[in-house]
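Next come the chains, spelled out residue by residue.
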Amino acid sequence: MLLKLTGSSCSGKTTLAYAAADRLRQVAVHDFDELGVPADADLRWRHRMTEMWVRRALEYQDRGIDLLLTGQSPLGEVLAAPSAPLLDGIAVCLVDVADETRRDRLTRRDPGRWDAQAVDAFLGWAAWHRKHALDPRHRPDVIMEDSWPDMVWQRWSGWNADAPCWRTQLLDTTDQPVADSVDRIEQWIDEQRYAHRSGRLALSRGWAG
C-alpha cells in the first residue's frame with residue numbers, strides 16, 4: 001500500500017518518515033524530490049511525478065512492501081493519479097505546523113534563500129492543505145487548473161466532506177518533541193496497515209468503483 005505524508009515545506013515529514021521506518025518491517029521510505037527538482041518544475045511536473053511514485057508503490061506492492069512517501073502532493077492529487085486504483089491501499093497523513101514555526105524553520109534551514117513573498121506562498125500552501133484535507137470542495141482549482149491531462153479528477157470531484165473515502169489524518173508537530181511525533185507516525189502506520197488487513201481501510205482497492 002501507499003502511505004503518504006503530505007504538507008507544505010518544513011513541517012518535518014522526511015525526518016519523521018525515516019525515523020519511523022527504522023521501527024517498521026516491510027516498509028520502503030522515499031522522498032518525492034529525491035530524484036531532483038528541475039528549475040522549471042510546475043504543477044504538471046508534480047502530477048507526473050505523483051504518477052511515477054504511484055507506479056513505484058505498485059512495484060513495491062508486488063514484493064509485499066509498503067511505500068512510505070514524503071512530499072507535497074495532497075490526497076486529491078494522489079487519488080487522481082492514473083494508476084492509483086491499482087494500489088491495494090492508500091492512506092494519507094497531513095504533517096502540519098503553526099505558521100510562525102514554519103517561517104522560523106524555513107529561515108534556519110535555508111538562510112537567505114526565500115524572500116518574504118516566497119515564505120508567504122509556503123504559508124498559503126499550508127493553509128490550503130489544511131482545508132483540502134477536510135473537504136474536497138475547498139478550492140479544487142488550486143490543483144486542477146492547467147493540470148497534467150492524464151489526471152482523473154472525476155474520481156472524487158463530486159465528493160463532499162462526508163465522503164467515506166475522503167480521509168486525511170492530521171499530525172500537528174508544533175511544539176512537539178520529535179520523538180513524540182515519530183511515535184504518532186508509527187502508530188498511524190500500524191493502524192492503517194491493520195485496517196488494510198482487516199478490510200476496513202477506506203481507500204482499499206475498489207474505492208474508485
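Structure: above.
Let me sum up the structure you'll find in this document. Each chain has its residues counted from 1, running along the sequence as written. With pLDDT at 70 or above as the cut-off, local features in this predicted model cover only qualifying residues; side-chain atom pairs require 80 or more to be listed or tallied, and sums for whole chains, interfaces and linings still use all residues. To get the side-chain values, all heavy atoms of the structure are used, and hydrogens and water are removed first.

**With respect to the overall build of the protein**
Moving on, step 1. Per the secondary structure count, the protein includes seven helices and five strands.
Moving on, step 2. Mapped from its N terminus to its C terminus, the protein presents α and β elements in the order β-α-β-α-β-α-β-α-α-α-β-α.
Moving on, step 3. Relative to a compact globule of 209 residues, whose C-alpha radius of gyration would be 17 Å, the protein shows 16 Å and is just as compact.
Moving on, step 4. Each principal axis of the C-alpha atoms in the protein carries an extent, and together these give about 45 × 40 × 35 Å.
Moving on, step 5. For each residue, the accessible area found with a 1.4 Å probe, counting protein chains only, is set against the maximum for its type, and the residue is called buried under 20%, exposed over 50%, and partly exposed in between. Within the protein, buried positions represent 52% of all 209 residues.
Moving on, step 6. Areas reported here follow the Shrake-Rupley algorithm with a probe of radius 1.4 Å; residue values treat only the protein chains shown as occluding. As displayed, the protein offers around 10,300 Å² of accessible surface, 47% of which is attributable to carbon and sulfur atoms.
Moving on, step 7. Counted as positive: Lys and Arg. Counted as negative: Asp and Glu, with His and the chain ends omitted from the count. One atom stands in for each charge, and that atom is NZ of Lys, CZ of Arg, CG of Asp or CD of Glu. Once the 27 positive and 32 negative side-chain charges of the protein are each reduced to a mean point, those two points are 3 Å apart. Runs of H or I in DSSP of at least four residues are treated as helices and runs of E of at least two as strands, each being numbered from the N terminus. Throughout, radius of gyration means the C-alpha value; the globule benchmark is 2.2 Å times the number of residues raised to the power 0.38.

**Focus on the environment of T15**
Moving on, step 1. With respect to the helices and strands, T15 occurs in helix 1 (residues 13-21).
Moving on, step 2. In this structure, the C-alpha to C-alpha distance between T15 and T70, residues 55 residues apart in sequence, is 9.5 Å.

**A word on the sheet that holds strand 5 (residues 168-172)**
Moving on, step 1. Strand order in the open sheet formed by five strands is 2-3-1-4-5, and the pairing between neighbours is parallel. Of all the strands in the sheet, the pair left with one neighbour each is strand 2 (27-31) and strand 5. Neighbour-to-neighbour, the strand axes of the sheet open up by a mean angle of 20°, direction not taken into account.
Moving on, step 2. Both strand 1 (residues 2-6) and strand 3 (residues 66-70) contribute to a ladder of four bridges, which runs parallel. For two strands to pair, DSSP has to find at least two bridges joining them. Axes here refer to lines fitted to C-alpha atoms; in helices the fit is confined to the stretch in contact. Angles between the N-to-C directions go from 0 to 180 degrees.

**Some remarks on the packing of helix 4 (residues 99-109) against helix 5 (residues 116-134)**
Moving on, step 1. The geometry of helix 4 relative to helix 5 is characterised by a closest axis approach of 10 Å and an angle of 140° between their N-to-C directions. Judged by the angle between their axes, helix 4 and helix 5 are oblique. The two elements helix 4 and helix 5 meet at a crossing, and its hand is right-handed. Residues D99, R102, R103 and L106 of helix 4 form the contact with helix 5, whose own contacting residues are V119, D120, F122, L123, A126 and R130.
Moving on, step 2. Residue composition of the contact of helix 4 with helix 5, grouped by class: five nonpolar, no polar and five charged. Any angle that is under 35 degrees is reported as roughly parallel, and any over 145 degrees as roughly antiparallel; angles of 65 to 115 degrees are reported as roughly perpendicular and all others as oblique. In this scheme, a crossing is called left-handed if the near helix is turned counterclockwise away from the far one by less than a right angle; it is called right-handed if the turn is clockwise. Residue contacts are defined here by distance: any two heavy atoms, one from each residue, within 4.5 Å place the two residues in contact. Ten residues, namely Ala, Val, Leu, Ile, Met, Phe, Trp, Tyr, Cys and Pro, are considered nonpolar, four, namely Asp, Glu, Lys and Arg, are considered charged, and the remaining ones, Gly among them, are considered polar.

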